[in-house]
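# Chains, contacts and geometry: an overview
Residues per chain, in single letters:
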Amino acid sequence: MAPKVGLFIPCYIDQLYPQVGIATLKILEHFGVDVEYPESQTCCGQPMANTGCTNEVGPLAKRFVDIFKGYDAVVCPSGSCVSMVKHHYAEYFSDNAEYEELKAKTYEFCDYLTNILEVKTLSGRFPHKVGLHQSCHGLRELRLASSSEIMGPPFGNVRELLESIEGVELSQLQRPDECCGFGGTFAVSEEAVSCMMGEDRVHDHEQAGTEVLTALDMSCLMHLDGIIRRQKKPIRVMHISEILVECL
Amino acid sequence: MTTSKEDILNQLRSQSVPPTDLPDLQSIELASQWIRYEDPAEQFAETLASVGGLCVRVKNVDEINQRLSELTAYQEASQVCSQIAGCGQPNVSIPDITDPHDFENIDFAILPGEFGVAENGAVWITNEGGPARTLYFLAQHVALLVPASDIVNNMHQAYQKLEFAENSFGTFMSGPSKTADIEQSLVIGAHGARSLTVFLVEEAF
Amino acid sequence: MPSHPKLAAEFVKNKDRAHWHDESLWFVRSKRDKAARQIPEWELLREQASKIKMHTISHLPDLLEEFERNATARGVQVHWARNATEHNEIVHGLLKKHDVTRVVKSKSMLTEECHLNPYLERHGIEIIDTDLGERIVQMQNMPPSHIVMPAIHMKKEEIGELFHEQLGTEKGATDPQYLAEAARQHLRQKFIEAEAGITGVNFAIAETGGFVVCTNEGNADLGTSLNKLHIACMGIEKLIPRAGDLSVFLRLLARSATGQPITTYSSHFHGPAPGAEMHIVLLDNGRSEISGSDEFRRSLNCIRCAACMNTCPVYRRSGGYSYSNTVPGPIGSILGPAKDPKANATLPFACSLCGSCTDVCPVKIDLHHQLLTWRKEIRVKGFLPVSKRISMKMMSWLMQAPRMYRFVGKMARSIVPYLPRFMLYNRMNDWGKQRELPIIPKQSFREWMKQNHDDK
Ligand code: SF4
């Protein structure tokens, strides 16, 4: 029987980037997953948690567990939100078996695709120079790829998956995993530094010839896209699932 | 009234801090993973060069004397002192000096080093506390003599050789003094030695 | 109250300079990567360093007593200071006793923390910082902007001008070699004249009663070998149990700090030279309190290598002074609020939570998680700006009410696309100053699902 997956679509993707949710859904279904989208889901509470407002997170964390606990796996196209659930919920649940179980079966979408569904390549073509932005939480919280600070053999399934797709050429960046400067409320409360960081990332991609800028996190891309459109740079922004869905 | 010491210790003891274990750095699991080189002396020379020093491999003191005469810094030195018998042509006698300030104008000092460390080009030097200690830092140029057989691979091996039983001063010296405090530009010769030459000597000296 | 975002925005305003600052520090970070890569057991070393430090903190009172015993046996005089005032009084007392009026000091962030220089100067003592970078900022009457490279924020033209005024170098001279040579001459004179030397301490060894000071310039050694009074100032967390532990820390420190395999001089002091005096001042100043906190204890692991600053994308672009704290950057944003949460309330938020600092830290301090924890504390202590507090409350409330959430989303999607630009992009909207807002889609994901997906 196909695993029953609860699709967790973060609030801002639901409201602002429905195409990312749709692409994620299509890919999962393409690979035979039985996907269900629980209607009552909203937000994992990350913005509040990152602002220090933990009182406001507790109820959302509990809601989250209630809504998703019945599935074989929970999959979400955002490393940041997954990291919130996996690494920052503990304080709201002391010794809670339900949470521990949920934590173990919550996956970032590409993680699920490459490690659980063991998808190694896709048959389609994507003839573009692709710049992969390594979103920090996927990188340094979920360890979905090697970070430049840690010494050890390099790894990264998403990079490999992209490289395996016909036509894809990955950009070589000066700073392969520097933060884009989104950082949630940081984007607004430290607007000046945040935008400079974003600009520097965009510049690095521009120099490297990136045509399509992608990432595992739409939030980083929302910020970078905002800068790209304001500065009218010739770079197209697509969430990783939007690229992959074109290659099915 | 309690003293500051009591207060600090009491304050520390009043905190509940879960005790944790201290790793055994000499255990096989760890010690077997510390870096080793095929030719530690060669690695030492390479690393020393990378930090701005010069490593010269020689047979004995005679050969040092010959090599010294080829060093510009030595040729141009007007005040030279040496702590190694027969090495160099000193014109300032170290035992005659009681106030370290009198070493102020030493241009070239030839001094003993105990052993070298391959991974970082450092030489361990010690001093029992006489005025000569300052020579390592105050002389314009420094040459160290190190037995060629005494090069350890890494710092773990280095500390196994060290004991601090007596009151003493000791330092790992890796290359000449340097600074990069002005716009990250490396300048050799900050306050201490402007150049460091390490002679790895085969025969006893 | 100092505000990081405000000061950072000022720094960023000069884009060229901010870029130059960013590149200088990134260069140091790259050198660190290169050095670390040459050590296959790098991560194992970090692991051991962290374990040794955690053990130290958990046995701190015993180790401090052991250290004092062993140091005293070597003729070193050990002093204890609860806070900065006591620390400064002890140091001044010692100098006064020896009639010292001229002191040289090698780099010590601890004496910066205690504001020792102005204190001694008020008492008529000349105190000269001898680390070149620190001397440069001292000439300007400024604190260091970085804990390893105190003048990293200054251009050589500015240093040239400063030296011209204060050391009489040629006007317009900017060659680092020339300027450093002038400083060498100036400072060597100071070394010769000084009657006492003050140093910091990188590591103090409980088992031997000795301590280690690391420099590249040789200034700690020149400052202490030419006179008869050496005063070493250290925080109580600088202790390590055994001499052998130094192998781990000396392998990590310089590689993490500047990418050198070791500092030029790593000097081990084990007792005074004949006829000389050696003193150690142990300072608490809030450290013992941190040791009791499960969340923040690890911050006492810090060996002040500054790698977290060099890698921090915010520090690199906002400069050390934007933190208004003795220690800037990620670790400073943890230590600052521990000392004064109100004054430093914006520091834990000067962080995009990218986690690079945590991965780079040689003693494995979970820096970005501690920063996150500090945000909670700041909120609990009531130092969070009201606007943030209220918006987060409203958002949480909205997210707990899915129907309302759906409704608000729908309203926004139907209104926003028709709003004139000036209503969206104005001074009220910090997002939109330099960025476009997302293009609002016609439908939310859940609306699409309802129409297109036959869910049960
Ligand atoms: S927190 Fe870690 S990286 Fe930062 S200065 Fe301290 S030891 Fe270095």
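Use the structure listed above.
Residues numbered from 1 in each chain as written. Chains lettered and ligands numbered in written order. Predicted model: local features only at pLDDT ≥ 70, side-chain atom pairs only at ≥ 80, totals over all residues. Heavy atoms only, no water.

Another aspect to go through is the site of the ligand. Residues and elements named next belong to chain C. Around the ligand, the surrounding shell holds 13 residues, and the nearest of these are C302, C305, A306, C308 and C361. Structurally, the ligand is housed in the second largest cavity. Split by residue class, the shell around the ligand holds 12 nonpolar, no polar and 1 charged. (Near = heavy atom within 4 Å. 1 Å grid on protein atoms, 1.4 Å probe; cavity = no way out; pocket = protein on both sides within 12 Å on 5 of 7 lines; lining within 4 Å. Sits in = over half its atoms within 2 Å of the grid points. Nonpolar A, V, L, I, M, F, W, Y, C, P; charged D, E, K, R; others polar.)

What follows concerns empty space enclosed by the protein. Residue and element names in this part refer to chain C. Applying the stated criterion to the full structure yields 7 cavities of 30 Å³ or more. In this structure, the largest cavity spans a volume of roughly 100 Å³. Looking at the largest cavity, it is lined by 16 residues, and the ones nearest its centre are C312, P330, A350, C351 and C357. Counting residues per element, the ones that place at least two in the lining of the largest cavity are α15 (313–318), α16 (329–339) and α18 (367–380). Of the residues forming the lining of the largest cavity, the biggest block, 3 residues, is contributed by α16. A breakdown of the residues in the lining of the largest cavity according to their chemical character gives 11 nonpolar, 5 polar and no charged. Taken as a whole, the second largest cavity spans an internal volume of roughly 80 Å³. Every residue lining the second largest cavity is counted, 13 residues in all, and those nearest its centre are C302, C305, C308, C361 and P362. Across the lining of the second largest cavity, the residue classes break down as 12 nonpolar, no polar and 1 charged. (Points joined across faces, edges and corners; volume = space filled by probe spheres on them. Helix = DSSP H or I, 4+ residues; strand = E, 2+ residues; numbered from the N terminus.)

Moving on: the arrangement of the chains. The pair of protein chains exhibiting the most contacts, out of 2 pairs of chains in contact, is chains B and C. With no contact between them, chain A and chain B keep their nearest C-alpha atoms 14 Å apart. (Contact = heavy atoms within 4.5 Å.)

What follows is about the environment of C:I198. Residue and element names in this part refer to chain C. Relative to the helices and strands, I198 resides in strand β4 (residues 196–199). Sequence separation between I198 and H279 is 81 residues; the distance between their C-alpha atoms is 9.5 Å. Ignoring anything within four residues of it in the chain, the contact list for I198 reads V91, V103, V104, K105, S106, T111, L116, L120, I127, I231 and C233.

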